[in-house]
Amino acid sequence: MENTKEKETHSFQTEVGRLLDIVASSLYSNREIFLRELISNASDACDKLRHAALTSPSLVEGDQQFSIELSIDPKMKTLTVSDNGIGMNHDDLIETLGTIAKSGTKAFLEQLGGDKEKNVDLIGQFGVGFYSAFMVADQVDVITRRAGEKEAWLWSSDGKGSFTIEPAARKERGTTVTLHMKKDAKEFLEEARIRHIVRTYSDHIGFPVRLGEGTLNEASAIWTRNPKDISAEQYTEFYHHTAHAFDEPWLTIHNRVEGVISYTNLLFVPGMQPFDLFEPERKSHVKLYVNRVFITEDAKGLLPTFLRFLRGVVDSEDLSLNVSREMLQSDPKLAKIRTSLTKKVLTELKKKAEKDPEAYAAFWKNFGAVLKEGLIEEAGLRDRILPICRFNSTADDALTSLADYVSRMKEGQEAIYYIAGEDKQKLVHSPHLEGFRGKGVEVLLLSDPVDEFWIQHVPEFEGKPLKSVTRGSVDLDTIKSDEQKPEEKKGETNGAVTDLIGLLKAELGDAVKDVRKSARLTESPVCLIADEGEMDANLERLLRRHGQLQASAPKILEINADHGLIVSLAKHASDKSGSAEEAIKDAAHLLLEQARIADGEAPSDPVEFNRRLNRVMALALE
Ligand code: ADP
Ligand code: MG
């Protein structure tokens, strides 16, 4: 069929334009990576077609041998990368080679600033896929034909704001990318140089990469090889390719499992947080292969969502090639793989945590909050997840495990104490910790939002209950103190304090659930406590933010009977003069509001708060 459509000119999406400016103007010492990017795309295209052919075998009729061919034309000064993968049609071209869909590239652009050298560094870290071709070429032509379609297209651009698309001729499906090399990029027209680059960056590619007669790479899927024969660099290159990532993997887990169900896994824990880690979809990114045929990138059911930071490949010959993705999800064989993979990963993490706590701390910083989701969603795995969880605590700056916390518990201490809030720094200064600090009792500082939720599913560890210091009563008297403090004079003001408590209760009414003497305060006059079994301020705040809670419940106001201010107020509790009564009323509200402020809340009535504060200040100055 003759193609009569005419040449069209399109502008790049604004972001692409910006990206191209930077790419083109960067004298980038590592620009050889453009070839890695193009070969990576060619390999992805072959994977995609092989997968599509599972359901439509006619797509690969006549040509089942996938390969990637390189060729150099010294006269024309061109380098060509050609594949017989899935190809692109007109709309694909506009969508993929005119815009940026990848979140990684978007994030890259967000980090760009005016500093050119820094930008160049960033390109190295992120890679910019197809567009990296413009680092070495001043014109790029893409001739492509989508498998199963008859029309072929030529996409062409000088990387300066626009591209053209016009009908073209191509006998077979696939894509040919031709780079017209810049004057300063002639080195990439030398065979030896190209061979070297392919071996360095693309050896792991599962399809043959050819130049002339020779095949340049190993051309067998890397995960099928013996781990002994794979270098750290090769693992890293494969990780970059398969995860579209540019950091160093923090951990590589490559092994083969033989049994009722056999499979191979090559999994990576990234060294950096992937961009979509906290997106609501919580997508998995481990690729599932069946007998080396790519099936899907986000196999539901292959791994639990709390391991969604993993990248890499799982390949099993025991799954059926012809099942749909939906059926796959409920395949009991997949569930078996999931169970065994999950255990394997948790075991490897445990080993790392024990062997190299410092390195583990880096992992924990990136992925601890995600891992803790497992405590909520995977009841059966709690016993495996809890021991590899790490926590900040008041003991020192290093992270601690629950087991280590327990080993440091004071004589007479029954519970594992924690405080949850949004900001570790603020938590450290919370009045709720004063009594614990005084006694030398360690408190865990939980500052991930997920903490409030898993803790509801984990009542205890090794028989020790987990207890919030902002909830319920606390009995610090039974805990032996480090140093024997001189017994403080107590008791003489007792009656007066009881009177004061009565007055505060009467004045505050429904604004508080109760007013009582505190066992946990040593420096601050007051704090707010949630009653046993009720929500404390932090949890209420989290729920309110997600629209799951309207009003918060009244709290218990605890007062520090040894604090100078409370002692003075107590002295006036029996004073029936009008001015003393007024002063106590103001004090009642001011105490409640200051306790709220210490919890990170705003005063419930800021205007009234100011009025009372001003009145008290004026009195003090009289
Ligand atoms: P990424 O590979 O991370 O998606 P790229 O910028 O490298 O980003 O490529 C953009 C898109 O262009 C690819 O996702 C793919 O859809 C398309 N593409 C690029 N090269 C090819 C090719 N050789 N065959 C088919 N599609 C391709
Ligand atoms: Mg790519």
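Look up: the structure comes first, before these words.
Procedures and definitions
- Residues numbered from 1 in each chain as written.
- Chains lettered and ligands numbered in written order.
- Predicted model: local features only at pLDDT ≥ 70, side-chain atom pairs only at ≥ 80, totals over all residues.
- Heavy atoms only, no water.
- Helix = DSSP H or I, 4+ residues; strand = E, 2+ residues; numbered from the N terminus.
- Rg over C-alpha atoms; globule rule 2.2 N^0.38 Å.
- Buried < 20%, exposed > 50% of the residue type's maximum accessible area, 1.4 Å probe, protein only.
- Contact = heavy atoms within 4.5 Å.
- Areas by Shrake-Rupley, 256 points an atom, 1.4 Å probe, with all protein chains shown as cover.
- Lys, Arg positive; Asp, Glu negative; His and termini not counted.
- Charge placed at Lys NZ, Arg CZ, Asp CG, Glu CD.
- Salt bridge = Lys/Arg side-chain N within 4 Å of Asp/Glu carboxyl O.
- Pairing = 2+ DSSP bridges.
- Axes fitted to C-alpha atoms, helices over the stretch in contact; angles between N-to-C directions.
- Parallel < 35°, antiparallel > 145°, perpendicular 65-115°, else oblique.
- Left-handed = near helix turned anticlockwise from the far one by under 90°.
- Nonpolar A, V, L, I, M, F, W, Y, C, P; charged D, E, K, R; others polar.
- Core = buried A, V, L, I, M, F, W, Y, C linked by side-chain atoms within 4.5 Å.
- Domains from an automatic or database assignment.

This part takes up the overall build of the protein. Along the protein, the regular secondary structure elements total 21 helices and 22 strands. Its C-alpha atoms give the protein a radius of gyration of 33 Å, clearly above 25 Å, the size a compact globule of 622 residues would have. With respect to the principal axes defined by its C-alpha atoms, the protein has extents near 105 × 60 × 40 Å. Put simply, the protein has 622 residues, and 50% of those count as buried. The contacts of the protein with a sequence gap of at least 6 include a subset with a gap of at least 24, amounting to 71%. Element-wise, carbon and sulfur atoms account for 49% of the exposed surface of the protein, whose accessible area totals about 30200 Å². Across the protein, the 81 positively charged side chains and the 102 negatively charged ones have centroids separated by 2 Å.

On the secondary structure map, L539 appears in helix α18 (residues 537-545). Residues L539 and F367 lie 172 residues apart in sequence; the distance between their C-alpha atoms is 22 Å.

What follows covers the pattern of salt bridges. Two side chains that carry opposite charge are able to pair once their charged atoms sit near each other. Counted under the stated rule, the structure contains 41 salt bridges. Across the salt bridge formed by E187 and R31, the nearest N and O atoms sit 3.9 Å from each other. With a gap of 156 residues between them, E187 in the loop between β7 (174-181) and α6 (191-201) and R31 in the loop between α1 (14-25) and α2 (33-55) connect regions that are remote in the sequence. E187 gets classed as partly exposed once you look at its relative accessible area, which sits at 29%. Note that D531 is salt-bridged to K513, the shortest N-O span being 3.0 Å. On the criterion of sequence distance, the pair formed by D531 in the loop between β21 (526-529) and α18 and K513 in strand β20 (residues 512-517) is long-range, its members being 18 residues apart. Judged by its relative accessible area of 41%, K513 is partly exposed. A network of salt bridges, in which partner residues are shared, links R31, E32, D184, E187 and R193.

A positive phi angle, near 55°, is found at K77, a position not held by glycine. You can see K77 is positioned in the loop between β2 (68-73) and β3 (78-83). A residue is classified by how much of its surface remains accessible, and K77, at 36% relative accessible area, is partly exposed. Despite not being glycine, N291 has its phi angle at roughly 50°, a positive value. Residue class for N291 comes out partly exposed when judged on its relative accessible area of 44%.

The next subject is the sheet that holds strand β10 (residues 249-257). Consider a sheet: its strands pair through backbone hydrogen bonds, and that pairing is either parallel or antiparallel. In spatial order, the strands read β10-β11-β14-β12-β13; together these five strands make up an open sheet with mixed pairing. Only two strands of the sheet have a single neighbouring strand rather than two, namely β10 and β13 (293-296). Put simply, the sheet's adjacent strands are angled 20° from each other on average, direction ignored. With six bridges joining them, strand β11 (residues 263-270) and strand β14 (residues 311-316) adopt antiparallel strand pairing. Paired with Y263 across the strands is S316, a residue of β14. Strand contacts of helix α9 (residues 332-355): β10, β11, β12 (285-290) and β14, with the helix running at about 135° to β10, the strand carrying the most contacts.

A few words on the packing of α2 against helix α7 (residues 232-243). Between α2 and α7, the least distance of the axes is 10 Å, while the angle of their chain directions is 60°. Accordingly, the angle class assigned to the pair α2 and α7 is oblique. For the pair α2 and α7, the sense of crossing is right-handed. Together, R36, S40, S43 and D44 of α2 and E237, H240 and H241 of α7 make up the contact between the two elements. A breakdown of the residues in the contact of α2 with α7 according to their chemical character gives no nonpolar, four polar and three charged.

Our next topic: the environment of L346. Relative to the helices and strands, L346 is located in helix α9. A C-alpha to C-alpha distance of 9.9 Å links L346 and L371, two positions 25 residues apart in sequence. Once residues lying within four places of it in the same chain are set aside, the contact partners of L346 are F306, L381, R384, I385 and I388.

Moving on: the pairing of strand β4 (residues 137-145). Where β4 and β7 come together, eight bridges link them in antiparallel fashion. Bridged to R145 within β7 is G174. Bridge count for β4 against strand β5 (residues 152-157) is six bridges, and the pairing is antiparallel. If you follow R145 over to β5, its bridge partner there is A152. What sits between β4 and β5 in their antiparallel hairpin is a turn of six residues, with G148 showing a positive phi close to 90°.

With that settled, the discussion passes to the nonpolar core. Ranked by internal contacts, the top residues of the largest apolar core, which has 71 residues, are L302, F309, L349, F363, L371, Y417 and W454. Breaking this core down by element, the ones donating at least two residues are β10, β11, β12, α9, α10 (357-371), α13 (402-407), β16 (416-420) and β17 (444-446). Each of domain 2 (227-359) and domain 3 (393-481) contributes no fewer than three residues to this core. Setting aside residues no more than four positions away along its own chain, W454 makes contact with K372, L375, I376, L386, F391, L446 and L466. Within the second largest apolar cluster, 57 residues are counted, among which are L38, A45, W153 and I165.

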